[in-house]
Amino acid sequence: MSSPVGPVDATLVPRYAGEATFARLPRLSDVPDADAVVWGVPFDAGVSYRPGARFGPGHVRQSSRLLRPYNPALDVEPFAVRQVADAGDVGVNPFDLDAAVATVESSATALGGTRRRLVTIGGDHTIALPLLRVQHERHGPVAVLHFDAHLDTWDSYFGAAYTHGTPFRRAGEEGLLDTDHSVHVGIRGPLYSRLDLDESEQLGFTAVHARDFARTPLDDIINRVRTRLGDRPVYVSVDIDVLDPGFAPGTGTPEAGGLSSRELLEVLRGLAGLNVVGADVVEVAPAYDHAEITGIAAAHVIYELLSVLPREER
Ligand SMILES: N=C(N)NCCCC(=O)O
Ligand SMILES: [Zn+2]
Ligand SMILES: [Zn+2]
């Protein structure tokens, strides 16, 4: 098979010129096939506080123009060892949340086919539920590695079952989670009740709290995460609010005391060799961003995720 089509060469076409696909990669329609696809779900009808994550995909693409082809931390060229392409955005209904959830599920199924690894740019965290349904179709229960300030295992808001605070409760109820191998990372901030953490454990999540990063060497945290995930199919869901608001101000439900970008990127690099089957990066709300701080962090998160995807047989 011919070698993958890579990003536009920044030494020939200025980075700031032309259409913003993720990392200036080709569009899916411009390549014969792709092993990994980045796509956007501009949707934020599930939020409980500041709106605006519907503009996340465009912002993250714009903030990804400076990414380069070689990742020295992992000694890998993520766009050369496989074909990666940008599939654009899916049009989801902004007025009908149930319809939007259904569209995300059917679009991910159509886009992913039987083997493509999907990396989804949100959108609010509601979309993790339909994305997990699609992973479950393919792999059975998946180990979820969930980076977030929030548990997102709450039951409902205003009686609504599908919101950005509830996707992992619904996923647990639907049997989508591998309950022996799922983990939250970065949890912090006030909860609704002392029962919240117990309920999240009952759903199958252990937790690495943000405050653990203050006392535990990073390698120990990475080992804890790797041991928990084991050799299972791993789905990585990154809510950008796992980062401290200083590193990611552009988000809808910020909480003080979060991870640094450096910590998050290092934990992601620590996933190399695991069976990462798909990922999302959600909750980027550009209206609250400054100087693309959040967009750039999210772009680098996606770059590291693409760097740790297992190599495809081509
Ligand atoms: N998934 C995110 N970002 N936030 C959930 C927060 C839910 C709440 O309002 O308590
Ligand atoms: Zn969150
Ligand atoms: Zn979340």
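Everything quoted here is computed from the prediction, not taken from an experiment.

1. So, the confidence of the model for the protein
Mean pLDDT over the protein stands at 97; residues scoring 70 or higher make up 99%. We note a pTM of 0.98 for the whole complex and an ipTM of 0.98 for its interfaces.

2. Focus on the environment of Gly278
If you trace the backbone, Gly278 turns up in strand E8 (residues 275-282). The class for Gly278 is buried, based on a relative accessible area of 1%. Sequence-distant contacts of Gly278, that is, excluding residues within four places in its chain, are made with Leu118, Gln135, Val234, Tyr235 and Val236.

3. What to know about the coordination of the zinc ion (ligand 3)
Bound to the zinc ion (ligand 3) on the protein side are His125 (ND1), Asp148 (OD), Asp152 (OD) and Asp239 (OD), at distances that span 2.0 to 2.2 Å. A distance of 3.2 Å spans the gap from the zinc ion (ligand 3) to the zinc ion (ligand 2), which Asp148 bridges by coordinating each metal. Taken as a pair, His125 in the loop between strand E3 (117-122) and helix H3 (128-139) and Asp239 in strand E7 (residues 233-239) lie far apart in primary sequence, 114 residues in all.

4. What to know about the coordination of the zinc ion (ligand 2)
Within the protein, the atoms that donate to the zinc ion (ligand 2) are Asp148 (OD), His150 (ND1), Asp239 (OD), Asp241 (OD) and Asp241 (OD), at distances of 2.1 to 2.4 Å. Here the zinc ion (ligand 2) binds six donor atoms, and the angle range of 57 to 161° at the metal identifies the geometry as irregular. Spacing between the donor residues of the zinc ion (ligand 2) along the chain follows D-x1-H-x88-D-x1-D.

5. What to know about empty space enclosed by the protein
Regions of empty space are outlined by a rolling probe, equal in size to a water molecule, passed over the atoms. Applying the stated criterion across every chain yields a total of one cavity of 30 Å³ or more. Counted as a void, the largest cavity has a volume near 50 Å³. Broken down by secondary-structure element, the contributors of at least two residues to the lining of the largest cavity are E3 and H3. The greatest single-element share of the lining of the largest cavity, amounting to four residues, is contributed by H3. By residue class, the composition of the lining of the largest cavity is six nonpolar, two polar and one charged.

6. A closer look at a nonpolar patch on the surface
A contiguous nonpolar surface patch, about 260 Å² in accessible area, is contributed by Val8, Leu12 and Val13. Checked against the element boundaries, Val8 lands in the segment before strand E1 (36-41).

7. Looking at the pattern of salt bridges
Scanning the entire structure with this criterion turns up 17 salt bridges. A salt bridge links Arg115 to Asp35, with the shortest nitrogen-to-oxygen separation between them at 3.0 Å. Taken together, the residues span a long stretch of sequence, with Arg115 in the loop between helix H2 (97-112) and E3 and Asp35 in the segment before E1 at a distance of 80 residues. What makes Arg115 partly exposed here is its relative accessible area of 37%. Each of Asp33, Asp35, Arg115 and Arg116 takes part in one network of salt bridges that share partners.

8. Overview of the sheet that holds E1
Pairing in this open sheet of eight strands is parallel, and the strands run E2-E1-E3-E8-E7-E4-E5-E6 from one edge to the other. Strand pairing shows two members of the sheet lacking a second neighbour, strand E2 (84-89) and strand E6 (205-209), which therefore form its edges. Averaged over neighbouring strand pairs, the angle between their axes works out to 15° when direction is ignored. Each of E1, E2 and E3 touches H2; the most contacted strand, E1, lies at about 160° to it. The strands that helix H9 (residues 293-308) touches are E1, E2, E3, E7 and E8; relative to E8, the one it contacts most, it runs at about 170°.

9. A word on the site of ligand 1
Close to ligand 1 lie 13 residues; Ser48, His164, Tyr192, Asp239 and Asp241 are nearest. His164 is positioned such that a nitrogen or oxygen atom in its backbone is 2.9 Å from a nitrogen atom of ligand 1. Within the complex, the protein chains bury 91% of what would otherwise be the 310 Å² of accessible surface of ligand 1. With respect to the pocket detection grid, ligand 1 is positioned in the second largest pocket.

10. Observations regarding H9
Taking 1.5 Å per residue, 16 residues should reach 22 Å; H9 reaches 23 Å between its end C-alpha atoms and fits that length. Burial runs high along H9: 13 of the 16 residues are buried.

11. Considering the packing of aromatic side chains
In total, this model carries four aromatic pairs according to the counting rule given. Arranged with centres 5.8 Å apart and planes meeting at 70°, the rings of Phe79 and Tyr303 form a pair that is edge-to-face. Of the two residues, Phe79 sits in the loop between helix H1 (56-62) and E2 while Tyr303 sits in helix H9, which places them 224 residues apart along the sequence. Taking relative accessible area as the criterion, Phe79 reaches 4% and is therefore assigned buried. Judged by relative accessible area, which is 6%, Tyr303 ranks as buried. Summarising the aromatic geometry, the rings of Phe168 and Phe205 are spaced 5.8 Å apart at their centres and angled 80° between planes, so their arrangement reads as edge-to-face. In this pair, Phe168 is assigned in helix H4 (residues 167-173) and Phe205 in strand E6, connecting sequence segments 37 residues apart. The burial state of Phe168 is the same as that of Phe205; both residues are buried. An aromatic cluster is present here, built from Trp154, Tyr157 and Tyr192 joined pairwise through their rings. The cationic tip of Arg50 hangs over the ring face of Tyr288; the distance from NZ or CZ to the ring centre is 4.4 Å.

Procedures and definitions
Just so you know, the residues in each chain are numbered from 1, in the order the chain's sequence is written. Think of it this way: whatever chain is written first is A, whatever ligand is written first is 1, and the rest follow in order. A pLDDT threshold of at least 70 governs which residues receive local features in this predicted model, and a stricter bar of 80 or more applies before side-chain atom pairs are shown or counted, although totals over entire chains, interfaces and linings include all residues. Just so you know, side-chain values use all the structure's heavy atoms and leave hydrogens and water out. Predictor confidence is given residue by residue as pLDDT, running from a minimum of 0 to a maximum of 100. Strands are runs of DSSP state E lasting at least two residues, helices are runs of H or I lasting at least four, and both sets are numbered from the N terminus onward. Three exposure classes are used, based on accessible area relative to the maximum for each residue type with a 1.4 Å probe and protein chains only: buried under 20%, partly exposed in between, and exposed over 50%. By definition in these notes, contact holds between two residues if any of their heavy atoms fall within 4.5 Å. Each metal's donors comprise the N, O and S atoms found within 2.8 Å of it (within 3.2 Å for Na, K or Ca). Water is not part of the atom list, so some coordination spheres may appear incomplete. Any site counts as irregular unless it has four donors with all angles between 85 and 135 degrees, making it tetrahedral, or four or six donors with opposite ones more than 155 degrees apart and the rest between 65 and 115, making it square planar or octahedral. Only protein atoms enter the 1 Å grid used here. Points where a 1.4 Å probe fits but cannot escape make up a cavity, open sets with protein on both sides within 12 Å along at least five of seven lines make up a pocket, and a residue lines them when an atom lies within 4 Å of a point. Grid points are joined across faces, edges and corners, and a volume is the space filled by probe spheres set on the points. Three categories are distinguished: nonpolar for Ala, Val, Leu, Ile, Met, Phe, Trp, Tyr, Cys and Pro, charged for Asp, Glu, Lys and Arg, and polar for the others, with Gly belonging to the last. Each patch is built from salt-bridge-free residues with over 30% relative accessible area, joining like charges within 9 Å and nonpolar side chains (Val, Leu, Ile, Met, Phe, Trp, Tyr) within 5 Å. Surface exposure here means Shrake-Rupley accessible area, sampled with a 1.4 Å probe, where a residue is shielded only by the protein chains that are shown. The term salt bridge refers to a side-chain nitrogen of Lys or Arg lying within 4 Å of a carboxyl oxygen of Asp or Glu. Strand pairing is assigned whenever DSSP detects at least two bridges linking the two strands. Geometry is summarised by axes, namely lines fitted to C-alpha atoms with helices restricted to the contacting stretch, and by angles between N-to-C directions that run from 0 to 180 degrees. When at least one non-hydrogen atom of a residue lies within 4 Å of a molecule or strand, that residue is treated as near it. Nitrogen and oxygen atoms within 3.5 Å of one another constitute a polar contact, given that in protein one can donate a hydrogen and the other can accept it, and given that sequence-neighbouring residues count only through two side-chain atoms. Those molecules having more than half of their atoms within 2 Å of a cavity or pocket grid point set are described as sitting in that cavity or pocket. Helix span is expected to be 1.5 Å times the residue number reduced by one. When two rings of Phe, Tyr or Trp (its six-membered ring) have centres within 6.5 Å they constitute a pair, described as stacked for plane angles under 30 degrees, edge-to-face for angles over 60, and tilted for the intermediate range. The rule for a charge over a ring is simple: NZ of Lys or CZ of Arg within 6 Å of the ring centre, and within 35 degrees of the ring normal.

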